[in-house]
Amino acid sequence: MADKFISLEGIAKRYGEATIFENLWLAMNRGEFTCVIGHSGCGKTTVLNILAGLDEPTEGTVIVDNQSIAGPSLDRAVIFQGHSLLPWRTVMGNVAYAVSSKWRRWNSAQVKAQAQKFIDLVGLTGSEHKRPSELSGGMKQRVGIARALSIQPKMMLMDEPFSALDALTRGTLQDEVRRICQETGQTTFMITHDVDEAIYLADKIVLMTNGPGAVMAEIVENPLPKSRERVGIHKHPLYYPLRNHIIDFLVTRSRTFVAQTPGFDTRHVPVVRPGFDTPEVPADSTVIRLAGHAH
């Protein structure tokens, strides 16, 4: 039975008479990696900020682990596009600061041990005493990831964390994040403009229409094996049907979806399951199949 761990329930965001989005509904299961893709202006970052407790919806509510969100919490860790590190603190100091904020009664040895565990996890062993000015962009983002994971959040929120990095570093960090999330079972919500990144990382890919007045049009369930690896992923028979479906939505359908789908029920967003010949249909959703056959 699915564990509905996070639930957006009818949230809207308006600024005066301008409606960025309204009546958004989305459920995430514990341990699930969800990516949201949409054009600039559709409100993706606003949704993430509402999940983080950094912004409030004009309407609706967000439930995480059976509790309504009311402001920021150490149960939800955020990784932004920029590393946001404290420049006067070392790698150890930045991560330890987060740990001591979560567990205020821990002694210095406990704090250091917890910080070291996650510094090791992101591959920064030996760089503990370096300050941000001594680190590459990729290393800074690794520190940000270690800091977020070190507080063992219920949910990790990622706002295009690799967009400013070169292609090689970005790929390496994507590999690391995928490995860590699989090993730890971390529930993750990520915003990206990179279709291939979403396909590689996500269990579900949420497609948003253009703003203003954006809606969640589809939830695409990734049909690729959960044990997928970067090398050879493009050879899977469902890779290009999946990729083409997402790109077709972004290039053409995202602009016209609302106008061409009169009466669309935002509470029951269609679930797209490429390659499932006999899908299990959720009671409150519509399932659409793409061409292709799963192995």
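1. What about the packing of aromatic side chains?
- Under the definition given, this model contains 4 aromatic pairs.
- When the centroid spacing of 4.5 Å and the interplanar angle of 5 degrees are considered together, the rings of W103 and W106 count as stacked.
- Under the relative-accessibility criterion, W106 is labelled partly exposed at 31%.
- Here the aromatic residues F249, F257 and F264 are joined through ring pairs into a cluster of three or more.
- One Lys or Arg, R178, reaches over the ring of Y200 and ends 5.8 Å from the middle of that ring.

2. Things to note about the sheet that holds strand β5 (residues 67–68)
- Sheet architecture is open: 4 strands sit in the order β2-β1-β4-β5, paired in antiparallel fashion. Of all strands in the sheet, those with a lone pairing partner are β2 (18–29) and β5, marking the two edges.
- Of the pairings in the sheet, the one linking strand β1 (residues 4–15) to β2 comprises 9 bridges and is antiparallel in character. Paired with Y15 across the bridge in β2 is A18.

3. Concerning the side chain of T266
- With respect to the helices and strands, T266 occurs in the loop between α7 (239–260) and β11 (271–272).
- A distance of 2.7 Å separates a polar atom in the side chain of T266 from a polar atom in the side chain of N23.
- Among all residues touching T266, those that are not within four sequence positions of it are N23, W25 and V215.

4. Here we look at the packing of helix α4 (residues 137–150) against helix α5 (residues 167–184)
- Contact pair α4 / α5: the axes reach a minimum separation of 10 Å and the direction vectors enclose 15 degrees. The angle between α4 and α5 falls in the class roughly parallel. Crossing geometry of α4 relative to α5 is assigned as right-handed. Residues G138, Q141, R142, I145 and L149 of α4 form the contact with α5, whose participating residues are T169, T172, L173, E176, V177 and I180.
- Looking at the contact of α4 with α5 residue by residue, the class counts come to 5 nonpolar, 4 polar and 2 charged.

5. Here's the deal with the environment of K102
- Note on placement: K102 falls in helix α2 (residues 91–102).
- Linking K102 and L48, residues 54 residues apart in sequence, is a C-alpha distance of 21 Å.

6. Looking at unusual backbone geometry
- For the bond from G211 to P212, the omega torsion is -5 degrees, close enough to zero to count as cis.
- Within the fold, P212 resides in the loop between β9 (204–208) and β10 (216–221).
- In this structure, Q152 is a non-glycine residue whose phi angle is positive, near 50 degrees.

7. Remarks on the packing of helix α3 (residues 108–121) against α4
- Where α3 meets α4, the closest approach of the two axes is 9 Å, and the angle between their N-to-C directions is 135 degrees. Here α4 runs oblique to α3, going by the angle between their axes. Here the hand of the crossing between α3 and α4 comes out right-handed. Here α3 contributes Q114, F118, I119 and L121 to the contact with α4, which in turn contributes A146, L149 and S150.

8. Looking at the nonpolar core
- Formed by 56 residues in total, the largest nonpolar core has its most connected members in F33, I37, F162, I199, I205 and I246.
- If we ignore the near neighbours within four places in the chain, the residues touching I37 are K44, T192, D194, V195, A198, I205, V206, L207, M208, I246 and L250.

Analysis parameters
- Sequence order sets the numbering: in each chain, residues are counted from 1 along the sequence as written.
- It should be noted that, the model being predicted, local features are given only for residues of pLDDT at least 70 and side-chain atom pairs only at 80 or more, the latter also being counted only at that level, while totals for whole chains, interfaces and linings use all residues.
- Side-chain measures here rest on the full set of heavy atoms in the structure, leaving out hydrogens and waters.
- Geometry of aromatic contacts follows a simple scheme: Phe, Tyr and Trp rings, the Trp one being its six-membered ring, pair when their centres are within 6.5 Å, and the pair is stacked under 30 degrees between planes, edge-to-face over 60, tilted otherwise.
- Remark: exposure states derive from per-residue accessible area (1.4 Å probe, protein chains only) relative to the maximum for the residue type, with buried under 20%, exposed over 50%, and partly exposed in between.
- Two conditions define a charge sitting above a ring: the NZ of Lys or the CZ of Arg must be within 6 Å of the ring centre, and it must be within 35 degrees of the ring normal.
- Pairing between two strands requires that DSSP report at least two bridges joining them.
- Elements are defined by DSSP. Helices are runs of H or I of four residues or more, strands are runs of E of two residues or more, and each kind is numbered from the N terminus.
- Pairing of N or O atoms within 3.5 Å defines a polar contact, subject to two protein rules: one partner must be a possible hydrogen donor and the other a possible acceptor, and residues neighboring in sequence count only if both atoms are side-chain atoms.
- Two residues form a contact once any of their heavy atoms are found within 4.5 Å.
- Structural elements are reduced to axes, namely lines fitted to C-alpha atoms, with helices fitted over the stretch in contact, and the angle between N-to-C directions of any two is expressed from 0 to 180 degrees.
- Here the angle decides the label: under 35 degrees means roughly parallel, over 145 means roughly antiparallel, 65 to 115 means roughly perpendicular, and every other value means oblique.
- Left-handed describes a crossing whose near helix is turned anticlockwise from the far helix through less than a right angle; right-handed describes the clockwise counterpart.
- When residue character is reported, Ala, Val, Leu, Ile, Met, Phe, Trp, Tyr, Cys and Pro are called nonpolar, Asp, Glu, Lys and Arg charged, and the others, Gly included, polar.
- We define the nonpolar core as a collection of buried residues of types Ala, Val, Leu, Ile, Met, Phe, Trp, Tyr and Cys that are connected through side-chain atoms lying within 4.5 Å of one another.

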